[in-house]
Amino acid sequence: MSQAVMPVLIVGAGAAGSMLALELSRFGISYRMIDRLPQASSYSRAVTVHARTLEILERIDPELLQRYLKLGTHSPGYVMHFVGKDSIRREIRPGLDFTRLQSRYPYLLLNAQNDTERLMQEYLHEKYQQQAEWGTSCIDVELEADSVLATLQNPDGSEEKVRCKYLAACDGVGSRIRQKLGLLQEGSDYAGTVLQNLDVELHGFPDLPDWAHYCMGPGHFLMVVKLPGGFFRLLMSQQADQADSEATPQQVFSDILAQHFDGISFGKTVWHSRWQSVIRLAEHYRKGNVFLAGDAAHTHSTA
């Protein structure tokens with residue numbers, strides 16, 4: 001076992017961990033950032049970067065901000081589409097108008113989460129010669145008087161004891177560190193609700209592609225957003241008793257889209273996920289010198 005001492009250990013190299021690494025880097029504070037995944041995720045859970053985040057990125061470095069503005073779609077806001085039991089379609093256009101925001105960035109920046117994280121990680125490497133240590137897990141933590149002793153498992157299976165002044169648990173909704181420290185969560189489930197993501201090519205989408213579209217009807221909610229790269233993100237919330245487990249995701253999404261739009265056909269499917277949505281909030285964000293951040297601390301419905 002080797003010994004190491006450092007100011008900060010970041011566990012988790014996703015959005016929360018990467019943003020913390022950026023802030024520590026620009027203030028000259030040493031750290032290590034580890035992630036148990038073998039490599040950065042190629043999939044996208046979130047798809048929007050809001051105005052306040054863009055302002056924070058500008059504060060870090062205007063050049064970094066420009067990378068985001070160049071890559072993402074500048075969406076003016078949301079169009080709301082409704083269909084009733086009578087099958088009559090109604091719209092509110094715009095339903096949410098982000099051009100009225102009192103910000104230098106009065107829009108939604110539509111961008112895949114994996115690209116959002118990739119830009120931060122590339123910038124960290126180019127500007128500060130810092131990068132995540134992929135395939136490295138934190139398997140145990142011990143609180144000390146004014147520090148934290150962490151046990152890491154490296155990609156080759158070897159273990160390493162690391163003593164740090166502070167540990168930031170950015171390791172997601174199932175945070176192992178939160179569980180090891182016994183930090184309790186309060187929460188609830190959206191009982192009987194099933195959510196699904198589908199990233200897919202849509203042919204013949206008849207509405208404005210730079211707007212986000214919210215489609216609501218009896219027993220369903222559907223978001224339609226076109227992302228850089230040419231494919232669309234579809235996010236659906238359905239009552240569980242209406243979700244046909246035997247139907248393919250393409251069939252389920254196609255049937256709901258057809259209630260709101262005509263003439264759409266599906267092309268290549270990029271990614272699909274299905275999950276039960278939950279609300280989780282840790283009772284405390286800190287124990288000793290360990291801090292919870294991001295989904296490790298709080299989780300809520302994407303809808």
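Fair warning: this is a prediction, and the values are worked out from it, not measured in the lab.

Peer 1: Could you clarify how one ought to interpret the overall build of the chain in this entry?
Peer 2: When helices and strands are counted, the chain shows six helices and 21 strands. For 303 residues, the compact-globule estimate of 2.2 N^0.38 gives 19 Å, and the chain sits close to it at 21 Å. Structurally, the chain occupies a C-alpha span of about 65 × 45 × 35 Å along its principal axes. Residues classed as buried in the chain amount to 46% of the 303 residues present. Here the analysis covers contacts within the chain between residues at least 6 apart in sequence; of these, 68% occur between residues at least 24 apart.

Peer 1: When you look at the nonpolar core in this model, what are you seeing that I'm missing?
Peer 2: What tends to happen in soluble globular proteins is that the nonpolar side chains get buried as a cluster. If you look at the biggest cluster of nonpolar residues, it comprises 26 residues, and the most contacted ones within it are Ile10, Tyr31, Met33 and Leu54. Going through the elements one at a time, strand S1 (3-11), helix H1 (15-26), strand S2 (31-35), helix H2 (51-60), helix H3 (62-71) and helix H4 (113-128) are the ones with two or more residues in this core. Dropping the residues within four chain positions of it, Tyr31 is found in contact with Met6, Val8, Ile10, Ala21, Leu24, Ser25, Leu124 and Gln130.

Peer 1: Could you clarify how one ought to interpret the state of the cysteines in this entry?
Peer 2: Two cysteines whose sulfur atoms are joined by a covalent bond form what is called a disulfide. Summed over all chains, the structure comprises zero disulfides. Just so you know, Cys164 is unpaired, no disulfide at all, and the nearest cysteine sulfur is the one on Cys138, 8.2 Å from it.

Peer 1: What should I look at first to understand H2 in this one?
Peer 2: Along an α-helix, residues three or four positions apart point the same way, because every turn accommodates 3.6 residues. Buried within H2 are the following residues: Ala51, Leu54, Glu55, Leu57 and Ile60. Tucked inside the fold, the buried residues of H2 contact H1, strand S3 (48-49), H3 and strand S7 (108-110).

Peer 1: Can you help me understand the packing of aromatic side chains in this one?
Peer 2: The description of an aromatic ring pair rests on the distance of the ring centres and on the angle between the ring planes. This model, assessed by the stated rule, comprises nine aromatic pairs. Look at Tyr43 and Trp271: their rings are 5.2 Å apart centre to centre, the planes differ by 20°, and that puts the pair in the stacked class. Highlighted residues: Tyr43 in the loop between S2 and S3 and Trp271 in strand S17 (residues 265-275), separated in sequence by 228 residues. Taking the relative accessible area as the measure of exposure, Trp271 reaches 16% and is therefore buried.

Peer 1: Can you walk me through the pairing of S2 in this structure?
Peer 2: Most of S2 sits inside the fold, with five of its five residues counted as buried. Relative to strand S8 (residues 133-134), S2 runs parallel, the two being bridged by two bridges. Across the sheet, Ile34 pairs through a bridge with Glu133, a residue of S8.

Peer 1: I keep staring at the packing of H3 against H4 and nothing clicks. Help me out?
Peer 2: For any two helices packed against each other, one specifies the crossing angle of their axes together with the interaxial distance. Contact geometry for H3 and H4: axes closest at 11 Å, N-to-C directions at 150°. Comparing their axes, H4 and H3 come out roughly antiparallel. Between H3 and H4 lies a crossing of right-handed hand. Residues Glu63, Leu64, Arg67, Tyr68 and Leu71 of H3 lie in contact with H4, whose contacting residues are Asp115, Thr116, Arg118, Leu119, Met120, Glu122, Tyr123 and Glu126.

About the thresholds
Residues numbered from 1 in each chain as written. Predicted model: local features only at pLDDT ≥ 70, side-chain atom pairs only at ≥ 80, totals over all residues. Heavy atoms only, no water. Helix = DSSP H or I, 4+ residues; strand = E, 2+ residues; numbered from the N terminus. Rg over C-alpha atoms; globule rule 2.2 N^0.38 Å. Buried < 20%, exposed > 50% of the residue type's maximum accessible area, 1.4 Å probe, protein only. Contact = heavy atoms within 4.5 Å. Core = buried A, V, L, I, M, F, W, Y, C linked by side-chain atoms within 4.5 Å. Disulfide = S-S within 2.5 Å. Phe/Tyr/Trp six-rings, centres within 6.5 Å; stacked < 30°, edge-to-face > 60°. Pairing = 2+ DSSP bridges. Axes fitted to C-alpha atoms, helices over the stretch in contact; angles between N-to-C directions. Parallel < 35°, antiparallel > 145°, perpendicular 65-115°, else oblique. Left-handed = near helix turned anticlockwise from the far one by under 90°.

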